[in-house]
Amino acid sequence: MGFSSGPRMTLPTQLVLRAMIADPAREMYGLEIGRAAELASGTIHPILARLEGCGWLESRWEDLDPHDAGRPRRRYYRLTPDGIVGAARALDRVRTPRSLMSRLHPGLSDGLA
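Residues numbered from 1 in each chain as written. Predicted model: local features only at pLDDT ≥ 70, side-chain atom pairs only at ≥ 80, totals over all residues. Heavy atoms only, no water.

### Quick look at unusual backbone geometry
- Within the chain, E38 stands out as a residue other than glycine whose phi angle is a positive 55 degrees.
- Within the element layout of this structure, E38 appears in the loop between helix 2 (30–37) and helix 3 (41–53). (Helix = DSSP H or I, 4+ residues; strand = E, 2+ residues; numbered from the N terminus.)

The following block contains the structure:
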């Protein structure tokens, strides 16, 4: 699916996309995205599923033996080429008031209207 039909741009979706588009080629796992966006895991994963469903993200499970690592396997997410274009366009169109964004997420308010 192309970048013209993207997800609804809720504030949490914007925060996830802003965290990921900061370094669009980088793979990030769910908890890492949640920390960067300052959102809880229960909020992040439905957004990631929607973004993947519309073709803006791709994901993969890491190739790791959880027993050897002493932790669960991580699922890594990365923006697709359509996702990079779509996210940039969508975030450019969204005009979240600077006052609201700076109250909620002070580090992410740069460049907002």
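### Some thoughts on the pairing of strand 3 (residues 75–79)
- The sheet contact formed by strand 1 (residues 28–29) and strand 3 spans 2 bridges and is antiparallel. Of the residues in strand 3, the one forming a bridge with M28 is Y77.
- One ladder, built from 5 bridges, connects strand 2 (residues 57–61) with strand 3; its direction is antiparallel. Of the residues in strand 3, the one forming a bridge with L57 is L79. (Pairing = 2+ DSSP bridges.)

### Digging into the nonpolar core
- Residues V16, M20, I33 and L48 are the most contacted members of the largest nonpolar core, which totals 21 residues.
- Looking at this core, the elements that each hand over two or more residues are helix 1 (11–21), helix 2, helix 3, strand 3 and helix 5 (81–93).
- With 5 residues, the top contributor of residues to this core is helix 1.
- When near neighbours in sequence (up to four residues on either side) are disregarded, I33 contacts V16, M20, M28, I44, L48 and Y77. (Core = buried A, V, L, I, M, F, W, Y, C linked by side-chain atoms within 4.5 Å. Buried < 20%, exposed > 50% of the residue type's maximum accessible area, 1.4 Å probe, protein only. Contact = heavy atoms within 4.5 Å.)

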